[in-house]
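# Structural features, examined
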Amino acid sequence: MSRTSRRAISSVIAAILFLFGSSLIQAQSSLSNNNWQLVWSDEFNGPTGSLPDSTKWTYDTGGGGWGNNEEEVYCAAGSNASPCNTATPNAALDGNGNLVISAYNNGGTWTSARMKTEGVQNFQYGRIEARMKLPMGAGIWPAFWLLGSNINTSNWPLCGEMDIMEWVPQYHASKTSSTIHGPFSGGFGVGSSFIFPNNGTVSDFHTYGIIWSPNQAQFYRDDPSNVYFTIQNTSDIPGDWVFNHPFFIIMNLAMGGYFPGYTDPTTPNPAVTTVDYVRVYRAAHTPVAGPTAINSGGASAGSFFADTNFNGGTAISTNAAIDTSLIPAPVPPQAVYQAARQGESQYTINNLVPYAPYNVQLQFAETQFSQPGDRLFNVTINGQTVLNRFDILAAAGGRNKAVEGNFKANADQYGNIVVHLTPRTSNPPLISGLGITQTVDNEPTSGPVLIDAGGGDVGSFIADTDYAGGNQASSFASVDTSRISAPVPPQAVFQSERWAPSTYTIGGFTPGSSHTVTLYFNEIYWTQPGQREFNVLINGNQVLTNFDIVGMTGAQNRAIEEQFPATANSSGQIVIHFAIGAADQPKVGGIAVN
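Every chain is numbered independently, its residues counted from 1 as its sequence is written. In view of the model being predicted, local features appear only for residues whose pLDDT reaches at least 70, and side-chain atom pairs are presented and counted only at 80 or more, with totals across whole chains, interfaces and linings using the full set of residues. Where side-chain values are given, they derive from all heavy atoms of the structure, hydrogens and water being excluded.

## A look at the overall build of the protein
By definition, any uninterrupted DSSP run of H or I lasting at least four residues is a helix, any uninterrupted run of E lasting at least two residues is a strand, and each is numbered from the N terminus. Each helix and strand in the protein was counted, giving six helices and 42 strands. In terms of overall dimensions, the protein is globule-like: its C-alpha atoms have a radius of gyration of 26 Å, near the 25 Å expected for 594 residues. Oriented by its inertia axes, the alpha-carbon framework of the protein measures out at about 70 × 65 × 45 Å. Here the contacts in the protein between residues at least 6 apart in sequence split such that 74% fall between residues at least 24 apart. Here the open area of atoms and residues is found with the Shrake-Rupley method and a 1.4 Å probe, where only the protein chains shown may cover a residue. Accessible surface for the protein amounts to roughly 22500 Å². Of this, 49% is attributable to carbon and sulfur atoms. By the counting scheme adopted, Arg and Lys are positive, Glu and Asp are negative, and His together with the chain ends is not counted. The location of each charge is read from NZ of Lys, CZ of Arg, CG of Asp or CD of Glu. Between the centroid of the 25 positive side chains of the protein and the centroid of its 42 negative side chains there is a distance of 5 Å. Throughout, radius of gyration means the C-alpha value; the globule benchmark is 2.2 Å times the number of residues raised to the power 0.38. Any two residues whose heavy atoms approach within 4.5 Å are treated as being in contact.

Structural data, given as C-alpha cells:
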C-alpha cells in the first residue's frame with residue numbers, strides 16, 4: 001500500500017496491480033518452536049461507546065485526498081469538529097471486546113478513522129497480528145500495516161512500509177494482499193495475495209499477521225505456522241532493504257479515490273471494520289539488531305527485549321524488590337534487575353554502524369550473595385577490559401541493590417559490539433541487562449572538520465554527525481583510491497555512506513569565512529553509468545548536477561573526490577544538501593571542510 005501519512009503517492013494503482021504478477025508466493029511453515037511471548041496488545045475491552053486507549057493509539061486526521069484523491073476525512077476518536085461528529089463515532093468500542101472503525105457518509109462527506117501507534121509505541125521484529133472482519137463495497141479500502149518510525153526524517157518510501165493486509169473491491173470476497181514498499185519499489189510494491197479456502201470471506205473474522213525478523217518478512221492468514229508469502233533481503237528485491245529498524249502500526253478505513261475507485265449508492269453507510277484484538281509477540285531468544293536494550297535472563301520489560309543475543313550462562317530470577325536509588329533516570333523496570341544471566345557468557349549485538357561510537361550500559365544487581373568478594377568477574381567489550389574483578393555487592397553497597405556501568409565503545413569492522421563476562425572467583429559472573437545506544441554529536445569545535453558519512457570514527461575522520469535525513473549503508477569490498485589526492489582517507493570512509501536526500505549543516509565557523517569543501521564518493525551498489533545521478537548544493541548553490549560516480553570513475557568501488565570553495569553563511573555554517581537527480585538516490589562517503 002502506498003498511502004503513507006503526509007505523503008502524496010502517485011503510483012497507487014501500480015502498487016496493487018503488481019501483486020498479481022508476483023512470483024514470491026511461498027506456502028511454507030514458519031518456525032513452530034519460537035515460544036512466542038505476548039509483549040503488547042489491545043484487546044479493546046471496555047464499555048459500549050468508549051474510546052480506544054489513548055496510551056496506545058494516536059490518529060492521523062484531515063482530508064485532502066491522501067495522495068489518491070480519496071473521499072474520506074479522517075477523524076480522531078471522540079472528535080466533534082466538523083465534519084466529525086460524536087453522534088457517528090469513527091472509532092469506538094462496542095462493549096463486546098471489539099473496536100469498531102466506521103466510515104460514515106454525513107451529507108455527502110465521508111468520515112473515517114486512521115489509528116496508529118506512532119509517538120506512543122514502536123516495534124522492531126516479532127509476530128504482529130490483528131483479528132478483524134472487513135466491510136465490502138464500492139470504494140472501500142481497509143488496511144492493517146506498518147510504517148517506518150523514521151518517516152519524518154527519511155521520508156517515504158525510504159522509511160519502509162509493510163502492508164500486512166489490504167482489501168479492495170477488485171479482490172472480491174475471498175482475497176486479501178500483503179505488500180512491502182521501499183526505495184527499490186516506491187508505489188509499485190513487492191507482494192502477494194491470499195485467497196481464503198472453503199468459501200471463506202473477509203466479512204468473517206480472520207487473523208492477519210506478519211512474522212518479522214532481521215532481513216526477512218513472512219505473512220500469514222489465521223495460522224502463523226502456515227506462512228503464505230516470504231520476502232527476504234536477497235534477490236527478492238532489486239535494491240536496499242529498509243526494514244531492520246523500528247516501525248509503528250496503522251489501521252485505517254479509506255473510502256474511494258483513483259484506486260480502488262469511488263464510492264457509489266451501493267456502498268454501505270456506515271462501512272464497518274471490526275477488530276477483535278491487535279497483538280505483538282516476540283519469540284524467545286530471537287536475536288535483535290542494535291541499537292537495543294536486553295533484559296538478561298528475563299522476559300520483555302518496558303523498552304527491554306526478552307533475553308537474546310547471548311551465548312553461555314543460565315537464567316536466574318528473584319521476586320525480591322530491588323533498590324534502584326543509585327540508577328539515574330530513566331530507571332529500567334524492576335523486572336530487569338530481578339532477572340539475570342549467570343555464568344560465563346557473551347552478548348553479541350550486530351547491525352551497528354561499522355567503527356561508529358556507541359554507549360554501552362550494563363545493569364547489575366546482586367541477589368544471591370551477602371559478602372563483598374563472594375562474586376568477582378571481568379567484563380570486556382570488543383576485547384577491551386572495562387571491569388576488572390568487578391564486585392556488584394561492593395559497588396552497590398548492599399544486596400538487592402542495583403548499579404550500572406556506562407562505557408564508550410566503537411563497533412568493529414562488521415558492525416558488532418561483543419560483551420563478554422568471565423569469572424575471577426569460583427562463583428560465576430552475573431549481568432541483569434545491557435543497552436547499546438549511539439553517541440551524540442562529536443564534532444570538533446576548531447580546526448578542519450572531517451566526517452565519515454554513514455560510518456564511525458576512523459583515522460582523523462569523526463563518526464557521522466550534523467546530518468538530517470538519509471540512511472546508512474556500508475560495504476567491506478576493497479576500494480581503489482588511486483584517484484584521491486593526499487592525504488588519502490582510510491578505506492572505511494569509502495566503504496560507508498549516507499544515501500538518500502540528506503543535508504549536512506556544519507557550523508562553528510566565522511560568518512563570511514572562506515573554506516574548501518571536499519566530498520568523497522564511492523559507488524558500492526551500482527555497476528553501470530547512468531544508474532545513479534544526483535545533485536549537490538552548498539549553501540544553496542548547485543555544485544554538482546546529475547553527478548554519476550561510475551560514469552566519472554568507470555567502475556564500482558573506485559573512489560573519487562570533488563572540491564569546491566565555500567563561504568560560511570551568516571550563522572557560521574556550511575550547509576551541504578544531497579538531492580535526487582536523474583536516477584536513483586544521492587549519496588556521500590565522506591566530507592572534509594578546511
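## Remarks on the pattern of salt bridges
Salt bridge criterion: a side-chain nitrogen from Lys or Arg within 4 Å of a carboxyl oxygen from Asp or Glu. Summed over the entire model, instances satisfying the criterion amount to 14 salt bridges. For the salt bridge of Glu 43 with Arg 279, the shortest nitrogen-to-oxygen distance reads 2.9 Å. Here Glu 43, found in the loop between β2 (36–42) and β3 (58–59), pairs with Arg 279, found in strand β18 (residues 271–283); they are 236 residues apart in sequence, far enough to count as distant. The classification of residues rests on relative accessible area computed with a 1.4 Å probe and restricted to protein chains. Under 20% of the type maximum is buried, over 50% is exposed, and intermediate values are partly exposed. The exposure class assigned to Glu 43 is partly exposed, which follows from its relative accessible area of 24%. In this structure, the salt-bridge partner of Arg 375 is Glu 366, at a minimum N-O distance of 2.8 Å. Look at Arg 375 and you get buried, because its relative accessible area is 3%.

## A short note on the sheet that holds strand β32 (residues 449–452)
Judged by pairing direction, the sheet is mixed, and its five strands sit side by side in the order β33-β32-β42-β36-β39 without closing on themselves. In this open sheet, the two strands that pair with only one neighbour each are β33 (462–463) and β39 (560–567). Strand pairing is defined by DSSP finding a minimum of two bridges between the two strands. Of the pairings in the sheet, the one linking strand β36 (residues 514–521) to strand β42 (residues 590–593) comprises four bridges and is antiparallel in character. Within β42, the position partnered with Leu 519 by the bridge is Ile 591.

## Regarding the pairing of β36
With respect to burial, β36 is a largely interior element, six of its eight residues being buried. Here eight bridges tie β36 to β39, and the two strands are oriented antiparallel to one another. By the bridge assignment, Val 517 is partnered in β39 with Phe 564.

## What to know about the side chain of Gln 495
With respect to the helices and strands, Gln 495 occurs in helix α5 (residues 491–495). Setting aside residues no more than four positions away along its own chain, Gln 495 makes contact with Ala 473, Ser 474, Ser 475, Phe 476, Ala 477, Ser 478 and Val 479.

## What to know about the environment of Trp 36
Following the sequence through the fold, Trp 36 ends up in strand β2. According to the relative accessible area criterion, Trp 36 is partly exposed, its value standing at 23%. Distance from Trp 36 to Ala 579, taken between C-alpha atoms, is 43 Å for residues 543 residues apart in sequence.

## Things to note about the pairing of strand β6 (residues 99–106)
The element β6 is largely enclosed, with a buried count of six among its eight residues. Looking at chain direction, strand β5 (residues 91–93) and β6 are connected through three bridges and run antiparallel. Its bridge partner being in β6, Ala 91 is matched across the sheet by Ile 101. Judged from the five bridges that link them, β6 and β18 form a sheet pairing that is antiparallel. Bridging across to β18, Val 100 finds its partner in Thr 274. Note: β6 against strand β7 (residues 109–112), three bridges, orientation antiparallel.

## With respect to the side chain of His 181
Turning to its location among the elements, His 181 is positioned in strand β12 (residues 175–181). With a relative accessible area of 0%, His 181 lands in the buried category. In this structure the side chain of His 181 is engaged in a polar contact, spanning 3.3 Å, whose partner is the side chain of Asp 163. Polar contact is the term for a pair of N or O atoms within 3.5 Å; when the atoms are in protein, one must be able to donate a hydrogen and the other to accept it, and sequence-neighboring residues count only if both atoms are side-chain atoms.

## Details of the sheet that holds strand β24 (residues 345–349)
Ordered by their spatial adjacency, five strands build an open sheet running β21-β24-β29-β26-β27, and the pairing between neighbours is antiparallel. Here the strands that pair on one side only, and so sit at the sheet edges, are β21 (310–311) and β27 (384–390). As paired elements, strand β26 (residues 377–381) and β27 share four bridges and run antiparallel to each other. Within β27, the residue paired with Thr 380 across the bridge is Thr 385.

## Considerations on the nonpolar core
Within this scheme, the nonpolar core is defined by two criteria: the residues are buried Ala, Val, Leu, Ile, Met, Phe, Trp, Tyr or Cys, and they are joined through side-chain atoms within 4.5 Å. Membership of the largest hydrophobic core comes to 65 residues, with the highest contact counts inside it found for Ile 128, Phe 144, Ile 180, Ile 249, Met 251 and Val 278. Here the element with the most residues in this core is strand β17 (residues 247–255); it accounts for six residues. Core analysis: the second largest hydrophobic core is formed by 32 residues, Ala 356, Phe 377, Leu 387 and Ile 392 among them.

## Here's the deal with the packing of aromatic side chains
Each aromatic ring pair is characterised by the separation of its centres together with the angle its planes make. In this scheme Phe, Tyr and Trp rings, the latter by its six-membered ring, pair at centre separations within 6.5 Å, and the angle between planes marks the pair as stacked below 30 degrees, edge-to-face above 60, and tilted otherwise. Tallied over the entire structure, the rule returns 26 aromatic pairs. Considering the side-chain rings of Trp 212 and Phe 247, the 5.3 Å spacing of their centres and the 80° angle between planes classify their relative orientation as edge-to-face. Placement of Trp 212 in strand β14 (residues 206–213) and of Phe 247 in strand β17 is noted, with a sequence separation of 35 residues between them. Across the pair, exposure class does not vary: Trp 212 and Phe 247 are buried alike. With centroids separated by 6.0 Å and ring planes inclined at 50°, the aromatic side chains of Phe 364 and Phe 377 adopt a geometry described as tilted. With Phe 364 in strand β25 (residues 357–365) and Phe 377 in strand β26, this pair connects stretches of sequence that are 13 residues apart. Grouping residues by exposure puts Phe 364 and Phe 377 together as buried. Members of the aromatic cluster, each reached through a chain of ring pairs, are Phe 194, Phe 196, Tyr 208, Phe 219, Tyr 228 and Phe 229.

## Digging into the confidence of the model for the protein
Put simply, the protein has an average pLDDT of 89, and 93% of its residues get 70 or more. Taken as a whole, residues 1–33 scores under 50 in pLDDT and shows 112 contacts with residues more than four places along the chain or in a different chain. pLDDT measures how confident the predictor is about each residue, on a scale from 0 to 100.

## Here we look at the environment of Ile 210
Residue placement: Ile 210 occurs in strand β14. When the C-alpha atoms of Ile 210 and Thr 385 are compared, they prove to be 41 Å apart, with 175 residues separating the residues in sequence.

## Digging into unusual backbone geometry
With omega at 5°, the peptide bond leading from Asn 269 into Pro 270 counts as cis. Between Ala 329 and the following residue, Pro 330, the backbone shows a cis peptide bond with an omega angle of -5°. Mapped onto the elements of the fold, Pro 330 is located in the loop between β22 (314–317) and α3 (334–338). Phi is positive for Asp 222, close to 70°, though the residue is something other than glycine. By secondary structure assignment, the location of Asp 222 is in the loop between β15 (216–221) and β16 (227–232). What makes Asp 222 partly exposed here is its relative accessible area of 39%. At Asn 382, a residue that is not glycine, the phi angle is positive and equals roughly 50°. Within the secondary structure, Asn 382 is located in the loop between β26 and β27. Exposure remark for Asn 382: the relative accessible area of 26% places this residue in the partly exposed category.

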